[in-house]
Amino acid sequence: MSEKLKKDLLSAIRDVPDYPKPGILFKDITTLTNHPILFASLIDALKTRYEVFNVDFVAGIESRGFIFGAALAYALKAGFVPIRKKGKLPSERLSERYELEYGFDEIEMHTDAFRGVKGAQVILIDDLIATGGTAQAALNLIKRVGATCIEACFLLDLPQLGGAEKLRESSKVFTILNAGLENGY
Ligand code: AMP
């Protein structure tokens, strides 16, 4: 991916201070996804990166991972799998609980999400990695159904929280942009 594209992507992301709570600088990707050229260029660049692999499925983390994940799945002619917040998936599912700063959260995936494909090759995607708790839980779900995560991909990394670095202990990780000295939530 060119440095010019990275620079344009970074400047298209809107910073919203004190959202959803005081002290958090929210990285708003809607100002990138509503840009027809930049959104398409991002998906094209990811397609180039991943078309050399035999990607069976792209798994996106609710909810902003759905936006990038569904577009990438279409570009790769792969299936799309939503990893959802607790209580949203209707059929038989697996859950992973993970710790937040205050309390716990839980994400879920259908047990037949990968259509019974043995050793399915999966790209995991989300808009942002902060502490990495959500992504680690998503990786655990993928592994528990016997699939393989080729790479976990994030548009933005908040590197001072160390999430991407920690996730690299259990998966390949690709972060496109570095958000600098900001806090997750
Ligand atoms: P974490 O589990 O700490 O890595 O948090 C990652 C999830 O929280 C992702 O789904 C992000 O979309 C969201 N998130 C965390 N911090 C921010 C932020 N500063 N701006 C936008 N989204 C965030």
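Summary of the structure given here. (Residues numbered from 1 in each chain as written. Predicted model: local features only at pLDDT ≥ 70, side-chain atom pairs only at ≥ 80, totals over all residues. Heavy atoms only, no water.)

1. Section: the packing of aromatic side chains
Move 1: Going through the model one piece at a time under the given rule, you end up with five aromatic pairs.
Move 2: Ring centres of Phe 57 and Phe 114 lie 5.1 Å apart, and the angle between their planes is 55°; this geometry places the pair in the tilted category. With Phe 57 in strand 3 (residues 57-61) and Phe 114 in the loop between strand 6 (104-110) and strand 7 (121-129), this residue pair connects regions lying 57 residues apart in the sequence. You'll find Phe 57 and Phe 114 in the same group, each marked buried.
Move 3: Between Phe 66 and Phe 80, the ring centres sit 5.9 Å apart and the planes meet at 80°, which makes this aromatic pair edge-to-face. On the criterion of sequence distance, the pair formed by Phe 66 in helix 4 (residues 64-76) and Phe 80 in strand 4 (residues 79-85) is long-range, its members being 14 residues apart.
Move 4: We classify Phe 80 as partly exposed; its relative accessible area is 29%.
Move 5: Here the guanidinium or amino end of Lys 77 rests over the ring plane of Tyr 74, the centre of that ring lying 4.3 Å away.
Move 6: Here the basic side chain of Arg 97 rests over the ring of Phe 104, its NZ or CZ set 4.1 Å away from the ring centre. (Phe/Tyr/Trp six-rings, centres within 6.5 Å; stacked < 30°, edge-to-face > 60°. Helix = DSSP H or I, 4+ residues; strand = E, 2+ residues; numbered from the N terminus. Buried < 20%, exposed > 50% of the residue type's maximum accessible area, 1.4 Å probe, protein only. Lys NZ or Arg CZ within 6 Å of the ring centre and 35° of its normal.)

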